[in-house]
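In case you want the letters, here they are:
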Amino acid sequence: MANSNVKPATGKLGIMVVGLGAVSTTFMTGVLMTRKGLAKPVGSMTQYDKIRVGRGAEKKYLPYKDIAPIADLKDIVFAAWDVYPANAYESAINAEVLKEKDINPVKDELMAIKPLKAAFDKNYAKRLDGDNVKTCKDRWDMMEQVREDIRNFKKESGVDRVVVLWAASTEIYVAPNKDVHYKLADLEKAMKDNDTANIAPSMCYAYAALREGAPFIMGAPNTTVDIPAIWELCEEVKMPIAGKDFKTGQTLVKSGFAPIIGTRMLGLNGWFSTNILGNRDGLVLDEPANFRTKEVSKLSTLESILVADEQPDLYTDYYHKVRINYYPPRNDNKEGWDNIDIFGWMGYPMQIKINFLCRDSILAAPLCLDLCLLMDLAARAGRVGTQRFLSFFLKSPQHDYTQGEVPVNHLFQQYVMLKNAIREMGGYEADEEID
Ligand SMILES: NC(=O)c1ccc[n+]([C@@H]2O[C@H](COP(=O)([O-])OP(=O)(O)OC[C@H]3O[C@@H](n4cnc5c(N)ncnc54)[C@H](O)[C@@H]3O)[C@@H](O)[C@H]2O)c1
């Protein structure tokens, strides 16, 4: 780490999580259990992965923390907001993701994480009905109250830095609107005018975080920070953002599997993906307007991996469909099916079926940890705006659509971007090409 020009990770790192549901409590419990030596952070790149730095005789394989100054798990302090008043212990028990034996050893720490009142608007998630909600005059006031929460948390906990992570429910789809979301001044005016149709509560959290000098991560598919007005704010306050939508189950498989088809020059006629899911996330996504947000995010994956313009014989007009069905008996144990209709030599058809019996929050928790630690690192490295190197963790990576930029969805290209950024922040050469 001798060469790293990133500010050191001194003092405590505050992680303020929007939403204290299945994903957040699984994340928090795992970090606290790992800290006590009672669990292993399996799936976390920052805790396990080793990457090459240097070439030839100079080549070494090092864990990320030996390349760049990543915060230690023991320095993390959690806080959260939620619509429901249950503390992190009660919420972890309710979520039924982890067994009580894996929660109880950190019961006291979890009970101390009591959710702050949510910046919430029921129109954005009709299926939620909690009363731990802020009373707000307008969206500007909503944002100011979140800023105050962040300042209070800093003061009370003594943390040096804060990262804000959205792991709350998926909001209804807000399409980017040129009159509201393209310029910072327009966005601020809309917040002051209480334009509730265009300003989602998540935008108030993001705006507040950035103004308080905290990087913001969007773990759901919400539009929130995927708008030019927020990019402008990032430039003004010199803060990084990342989004959107954790890449956990089916989309992880898709972005890792599609390259098999594309690399072997096989053709694609169609890809049908369906899921059953029974947790609160599934309940919210059962509402068509909320599912629309998820659908937009999930559909974007294939198009940039199997590209018709590059191989018209193989990838023109394939049919891509994604469904999520709410099915309570499975709770957090999502089951995903993929049916892939491919074709080979002389156009002869074949099928591939993938059945992934996964655990949603078990897959999401390590992503929360990695995203928070790497965003804190990016902020200390002085990186500003959308952090494309974090696309590896995200289903629908943010990109500048106003300039026609195409996002990278290919898992292994995303991994190269991640490795290069870690190398760069460690003062090494970002020496790997994307082919
Ligand atoms: N688990 C995965 O694999 C995965 C993958 C990608 C994205 N996600 C996204 O992560 C998010 C969290 O998933 P989950 O399974 O923990 O859901 P969950 O329903 O268990 O938890 C979400 C919590 O957010 C709270 N909430 C909603 N709006 C809020 C607001 N405005 N302010 C504060 N709190 C608010 C809800 O009350 C709820 O407790 C969802 O948006 C989901 O789509 C999850």
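The structure presented is a predicted model; accordingly, all values stated were derived computationally and were not measured. (Residues numbered from 1 in each chain as written. Predicted model: local features only at pLDDT ≥ 70, side-chain atom pairs only at ≥ 80, totals over all residues.)

Here's the deal with the overall build of the protein
Now for step 1: The helix and strand tally for the protein stands at 15 helices and 13 strands.
Now for step 2: The C-alpha atoms of the protein give 21 Å as radius of gyration, which agrees with the globular expectation for 435 residues (22 Å, within 12%).
Now for step 3: Expressed as lengths along the three principal axes of its C-alpha atoms, the size of the protein is roughly 65 × 55 × 50 Å.
Now for step 4: Residues counted as buried form 50% of the 435 residues belonging to the protein.
Now for step 5: Contacts in the protein between residues far apart in sequence, at least 24 positions, make up 78% of those at least 6 positions apart. (Helix = DSSP H or I, 4+ residues; strand = E, 2+ residues; numbered from the N terminus. Rg over C-alpha atoms; globule rule 2.2 N^0.38 Å. Buried ≥ 20, exposed ≤ 12 C-beta atoms within 10 Å, placed from the backbone. Contact = placed C-beta atoms within 7 Å.)

Observations regarding the site of the ligand
Now for step 1: Among the 36 residues in the neighbourhood of the ligand, the closest are listed as Gly19, Gly21, Ala220, Thr248 and Arg280.
Now for step 2: If one sorts the elements of the shell around the ligand by residue count, helix α14 (residues 360–380) sits on top with four residues.
Now for step 3: Classifying every residue of the shell around the ligand gives 20 nonpolar, 11 polar and five charged.
Now for step 4: Split by domain, the residues of the shell around the ligand number at least three in each of domain 1 (13–246 + 361–425) and domain 2 (250–357). (Near = placed C-beta within 6 Å. Nonpolar A, V, L, I, M, F, W, Y, C, P; charged D, E, K, R; others polar. Domains from an automatic or database assignment.)

What to know about the nonpolar core
Now for step 1: Counting residues in each nonpolar core, the largest one holds 122 residues, and the members touching the most others are Leu165, Cys368 and Leu371.
Now for step 2: The element that contributes the greatest number of residues to this core is α14, accounting for 14 residues.
Now for step 3: Two domains each provide a minimum of three residues to this core, namely domain 1 (13–246 + 361–425) and domain 2 (250–357).
Now for step 4: Residues contacting Leu371, with those up to four places away along its chain left out, are Leu165, Ile217, Ala242, Leu390 and Phe393. (Core = buried A, V, L, I, M, F, W, Y, C linked by C-beta atoms within 7 Å.)

Overview of the environment of Cys368
Now for step 1: Among the secondary structure elements, Cys368 is positioned in helix α14.
Now for step 2: A C-alpha to C-alpha distance of 7.8 Å links Cys368 and Leu165, two positions 203 residues apart in sequence.
Now for step 3: Excluding its chain neighbours within four sequence positions, the residues that come into contact with Cys368 are Val23, Phe27, Leu165, Ala167 and Gly219.

Focus on unusual backbone geometry
Now for step 1: Between Gly243 and Lys244 the backbone carries a cis peptide bond, its omega angle lying at -5 degrees.
Now for step 2: Along the chain, the position of Lys244 falls in the loop between β8 (240–243) and α10 (250–263).
Now for step 3: Look at Asn194: it is not a glycine, yet its phi comes out positive at around 55 degrees.
Now for step 4: Structurally, the position occupied by Asn194 is in the loop between α7 (184–192) and α8 (201–211).
Now for step 5: When the 14 C-beta atoms within 10 Å are taken as the criterion, Asn194 is described as partly exposed.

Some remarks on the domain arrangement of the protein
Size of an interface: often given as the accessible area lost when the parts come together.
Now for step 1: According to the domain assignment, the protein contains domain 1 (13–246 + 361–425) and domain 2 (250–357).
Now for step 2: On a C-alpha basis, the centroid separation for the pair domain 1 and domain 2 is 25 Å.
Now for step 3: Here the residues of the side of domain 1 that touches domain 2 are counted per class, giving 13 nonpolar, eight polar and seven charged.

Let's talk about the sheet that holds strand β13 (residues 385–386)
Now for step 1: The sheet built from seven strands is open, its strands ordered β5-β4-β1-β6-β7-β8-β13 with parallel pairing. Two strands lie at the open edges of the sheet, namely β5 (116–117) and β13, each paired on one side alone.
Now for step 2: Pairing between β8 and β13: two bridges, direction parallel. Bridging from a neighbouring strand, Pro240 pairs with Gly385 of β13.
Now for step 3: Across the face of the sheet, α8 comes into contact with β1 (13–18), β6 (161–166) and β7 (216–218) while running at roughly 165 degrees to β6. (Pairing = 2+ DSSP bridges. Axes fitted to C-alpha atoms, helices over the stretch in contact; angles between N-to-C directions.)

Side note on the environment of Gly21
Now for step 1: Within the secondary structure, Gly21 is located in the loop between β1 and α1 (22–35).
Now for step 2: Distance in space between the C-alpha atoms of Gly21 and Ala95 is 6.9 Å, their sequence separation being 74 residues.
Now for step 3: Excluding anything up to four places from it in sequence, Gly21 contacts Ser91, Ala95 and Arg280.

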